[in-house]
Every structure is written in C-alpha cells, then in structure tokens.
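Structural overview
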Amino acid sequence: YIYQAMHMALSTLRDAAEGAHLLGCSCPLGSAIGFCDSVRVSADTAPQWLAGVPWDRTNLPPARNALRNSLVRQALHRRWFLTNTDCLILRDCSLSPAQVCGAVAVAGLCGGLVFVSENMKGISADRRALLQRLFPVGLVRGGTVLLD
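I will try to describe carefully the structure that is included in this document.

Analysis parameters
- Residues numbered from 1 in each chain as written.
- Predicted model: local features only at pLDDT ≥ 70, side-chain atom pairs only at ≥ 80, totals over all residues.
- Heavy atoms only, no water.
- Phe/Tyr/Trp six-rings, centres within 6.5 Å; stacked < 30°, edge-to-face > 60°.
- Buried < 20%, exposed > 50% of the residue type's maximum accessible area, 1.4 Å probe, protein only.
- Axes fitted to C-alpha atoms, helices over the stretch in contact; angles between N-to-C directions.
- Helix = DSSP H or I, 4+ residues; strand = E, 2+ residues; numbered from the N terminus.
- Parallel < 35°, antiparallel > 145°, perpendicular 65-115°, else oblique.
- Left-handed = near helix turned anticlockwise from the far one by under 90°.
- Contact = heavy atoms within 4.5 Å.
- Nonpolar A, V, L, I, M, F, W, Y, C, P; charged D, E, K, R; others polar.
- Arc of directions from axis to C-beta.

Time to look at the packing of aromatic side chains. Per the counting criterion, the structure on display carries 1 aromatic pair. Where Trp80 meets Phe81, the ring centres are 6.3 Å apart and the plane angle is 70 degrees; that geometry is what we call edge-to-face. You can call Trp80 partly exposed: its relative accessible area is 42%.

Below, the discussion takes up the packing of helix 3 (residues 63-72) against helix 4 (residues 97-110). Packed helix pairs are specified by the crossing angle of their axes together with the interaxial distance, meaning the distance between the axes. It is at 10 Å that the axes of helix 3 and helix 4 come closest, and there the two elements cross at 20 degrees. The angle between helix 3 and helix 4 falls in the class roughly parallel. In the crossing of helix 3 with helix 4, the sense of the turn from one axis to the other is left-handed. Residue-level contacts link Leu67, Ser70 and Leu71 of helix 3 to Gly102, Ala103, Val106 and Cys110 of helix 4. Considered class by class, the residues forming the contact of helix 3 with helix 4 number 5 nonpolar, 2 polar and no charged.

Buried within helix 5 (residues 125-132) we find Arg127, Leu130 and Leu131. Buried residues of helix 5, seen end-on, are gathered within an arc of 95 degrees and therefore sit on one face of the element. Away from its buried face, by an angle of more than 90 degrees, helix 5 presents the exposed residues Ala125 and Asp126. Of the surrounding secondary structure, the elements contacted by the buried residues of helix 5 are strand 3 (82-88), helix 4 and strand 4 (113-116).

As structure tokens, this is what we get:
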C-alpha cells in the first residue's frame, strides 16, 4: 500500500507541476524514477561531522553520512534523475576546514545539483573561494551564480 500511495502522490505532483523541475527530498529513490527530475540522495547534512548518538552511524544528519550517501549513489546521476547532495555548509561551525573542503569536493565530483543556503556575506573569503571552484567561468548555463 505504501508503494501505491507514493506512486499516486508523485504522479499527482508531476501532473500538477507540468513543466516545472520537481526535486524530491527524502523521497524513496525507486519511487522517484520517472516522476522527479532531481532527488536528494543523501541523509540530511548538519554542521557536525559525526552523529551525537553512537547507535546510528548511517542515517542521522551529520555531514559524514550525507557525503558517504552522495558518493555511493552518484551512479544514479543522469541515469534515473539528477542527484543532489543536500546543502553545502560553509559557515564557521564544528566542521574542520578539511571536512568543508571534502564536502565541496564531493558536490563537485557527483556532478549534481548544488545548493548553498548560507548568508554569503558572513562566509570567509577562503570558503567562498572553495565554492567558486564549483562554478568555473564559462560552464554556468541557464542562470546566474552570485557568490557575494
């Protein structure tokens, strides 16, 4: 019954969103095929590397889990839908510079959608420079990328 309910829900959304780009977040991957244009393929990200509980090392939202899931599911990109690795966290937080650099690298390597939901005025110049590497001049199509 769950599969049929998800199928009906996504079918209804697809029909209602005619011509729109449909992004599935926390959507079962198999259910999204044919309905969603893009799907977030990772756990939620968070401004810490490890989960606060020892019993869940795969599903809770620390950055490590989001990056691992994105890499494992990268093969789905452009086969079933465009993939999304969840938002990049660039602000000062408990993530080390190497972990932030790794998150940016994974987003670039996976080739999918990249979202940043930070106030860019509060992001340090070195972290903005990391992000800018994902958007080389001449490769941006269909829109403007503002980094300041």
